[in-house]
Amino acid sequence: MLRSESLPTSPEPVANGLTQPTFRDLLLCMRDWLDVQRDEATASKLVRALVSESITLSANSKGGQPPEFDAQELTEACDMPEQEDYEASSTKVKNANLTRYLESRRSSVEAFFEGQGFSHALRLKKLSPGGRHRARWLLEDYSIESNDDAAEGQPDEQLVEVLSDPNNQQIKYEYAEAGLVKCSFIAKPLLGKGSFKIRSVRGLAFGGTILLPALCVLLLAGIGWLHLFVHRPLATSDLAFAVLAILISWVLAKAIRDGWWLLSDRIAPASELLVSWKEAPAQLESFRAGDERVIGLVRYTATCPECSAAVELRYGEGHERRRLFGCCVESPQEHVFTFDRVTRRGRRVR
Ligand SMILES: [Zn+2]
């Protein structure tokens, strides 16, 4: 759990160039910057924990080196389920792409620090000692002005490395299998512990959710057809019926289409009604378990290599409206990746 302490909400503004801000002032400013961020990336939670823990430790020790934390200490500070296991914590922190999170928002960070009267800002540094030693993260301060000069003459080494690496234009999807994603109480009778066999009572009920709407649409079409044989002046009720029938058919057709696409494409985004409100968007997937075909509530997610926000699956537009893409939740129209459920990899589309 995070150690909390009462701290002033905003550091005392320091006159530019006159007083050297203390490391603690910069940490408090960084915390204020994080407080005004509205994204829900895993990276932002981990950076927030790193800042909070650094503030706590810097209060106890005067001066000296900035505090360093390994992956497990960070997941522990966030109270994440991975906190018991170092390997799982390490994967979590690696996938969250902390460095990219702050790097992609550097202009925002520097503007905020300058707005608070600081000529220095904080950036993330990773120490990788290699061998059996654990990698450690820390926040280090740098001068915004000298960094600008360096950036003009010579591009930032870290940024060049990130942009030129072809792996940064590729993403790897993480998979939460059926049973790990909680369904809503409405979907509980159908999905049970997260999946059901197609050849079962539940499978029959699922088939019903496609067949019943199909029958309703047919019935409405039948009633419309019968109206052709009624010879009387057009009434307002006829028009109202026609509009209602078209609306209901349109909604039902979407339900039929989603069910059909799930069966033929093996995967479709699950409706929000099916997923617990605490969960991130999930998908329904049809897969083979032994001799049986099963439909389960699963989740494919990734971290955007551009801004470290979460990537979720959405349908494309136009002629690709049946194809699933990985879209970054912070910039869904710009940070777009392909999705392949077999290889669980994607490459940048735009
Ligand atoms: Zn992004």
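Residues numbered from 1 in each chain as written. Predicted model: local features only at pLDDT ≥ 70, side-chain atom pairs only at ≥ 80, totals over all residues. Heavy atoms only, no water.

### Quick word on the confidence of the model for the protein
- On average, residues of the protein carry a pLDDT of 82, and 87% of them reach 70 or more.
- Mean pLDDT in the protein bottoms out at helix α8 (residues 157-164), which sits at 52, and peaks at strand β12 (residues 336-338), which reaches 94.
- Long-range and interchain partners of residues 1-18, a stretch whose pLDDT sits below 50, account for 42 contacts in this model, where long-range means more than four residues apart. (pLDDT = per-residue confidence, 0-100. Helix = DSSP H or I, 4+ residues; strand = E, 2+ residues; numbered from the N terminus. Contact = heavy atoms within 4.5 Å.)

### A few points about the coordination of the zinc ion
- Of the protein atoms, only Cys304 (SG), Cys307 (SG), Cys328 (SG) and His335 (ND1) coordinate the zinc ion, at distances of 2.1 to 2.4 Å.
- What the four donor atoms of the zinc ion show is an angle range of 98 to 116° at the metal, which sorts the shape as tetrahedral.
- Each donor residue of the zinc ion belongs to the same chain, with the gaps between them written as C-x2-C-x20-C-x6-H. Linking Cys304 in the loop between β9 (292-303) and β10 (310-315) with Cys328 in strand β11 (residues 324-328), this pair joins segments that are 24 residues apart in sequence.
- With a relative accessible area of 0%, Cys304 lands in the buried category.
- On the basis of relative accessible area, Cys328 is assigned to the buried category, the value being 0%. (Donors = N, O, S within 2.8 Å, 3.2 Å for Na, K, Ca; no water. Tetrahedral: all angles 85-135°; square planar, octahedral: opposite > 155°, others 65-115°. Buried < 20%, exposed > 50% of the residue type's maximum accessible area, 1.4 Å probe, protein only.)

### A few points about the environment of Val329
- Tracing the backbone shows Val329 in the loop between β11 and β12.
- For the pair formed by Val329 and Glu312, sequence separation is 17 residues and the distance between their alpha carbons is 6.8 Å.
- When residues no more than four places from it in sequence are discounted, the contact partners of Val329 are Ala309, Ala310 and Glu312.

### Focus on the pattern of salt bridges
- In total, this model carries 19 salt bridges according to the counting rule given.
- A salt bridge links Arg134 to Asp70; its shortest N-O distance comes to 3.1 Å. Placement of Arg134 in the loop between β2 (120-127) and β3 (136-143) and of Asp70 in strand β1 (residues 69-70) is noted, with a sequence separation of 64 residues between them.
- When its relative accessible area of 36% is taken as the criterion, Arg134 is described as partly exposed.
- Lys92 is the partner of Glu82 in a salt bridge, and the nearest nitrogen-oxygen pair spans 3.7 Å. Of this pair, Glu82 sits in the loop between α3 (71-77) and α4 (86-96) while Lys92 sits in helix α4, placing them ten residues apart in sequence.
- For Lys92, a relative accessible area of 26% corresponds to the partly exposed category.
- Each of the salt bridges in this network shares a partner with another, and the network as a whole consists of Glu68, Glu73 and Arg136. (Salt bridge = Lys/Arg side-chain N within 4 Å of Asp/Glu carboxyl O.)

### Some words on the sheet that holds β2
- Pairing is antiparallel in the open sheet, where three strands are placed in the order β1-β3-β2. Here the strands that pair on one side only, and so sit at the sheet edges, are β1 and β2.
- Here helix α6 (residues 106-115) sits on the sheet and contacts β2 and β3; the angle it forms with β2, its principal contact strand, is near 140°. (Pairing = 2+ DSSP bridges. Axes fitted to C-alpha atoms, helices over the stretch in contact; angles between N-to-C directions.)

### Thoughts on the packing of helix α1 (residues 23-35) against α6
- At a closest axis distance of 10 Å, the pairing of α1 and α6 adopts a crossing angle of 120°. Relative to α6, the element α1 lies oblique. Considering only the axes of α1 and α6, their crossing is right-handed. Two secondary-structure elements touch here, α1 through Leu26, Cys29, Met30, Asp32 and Trp33 and α6 through Ser108, Val109, Phe112 and Phe113.
- A breakdown of the residues in the contact of α1 with α6 according to their chemical character gives seven nonpolar, one polar and one charged. (Parallel < 35°, antiparallel > 145°, perpendicular 65-115°, else oblique. Left-handed = near helix turned anticlockwise from the far one by under 90°. Nonpolar A, V, L, I, M, F, W, Y, C, P; charged D, E, K, R; others polar.)

### A short note on α1
- The terminal C-alpha atoms of α1, which comprises 13 residues, lie 19 Å apart, in line with the 18 Å expected from a rise of 1.5 Å per residue.
- Where α1 is concerned, the buried positions are Asp25, Leu26, Leu27, Leu28, Cys29, Met30, Arg31, Asp32, Trp33 and Leu34.
- On the buried face of α1, the contacting elements are α2 (42-60), α5 (98-104), α6, β2 and β3. (Expected span 1.5 Å × (residues − 1).)

### Observations regarding the side chain of Arg100
- Among the structural elements, Arg100 can be located in helix α5.
- The exposure class of Arg100 is buried, given its relative accessible area of 6%.
- A distance of 3.0 Å separates a polar side-chain atom of Arg100 from the backbone oxygen of Pro305. (Polar contact = N/O pair within 3.5 Å; in protein donor to acceptor, adjacent residues only side chain to side chain.)

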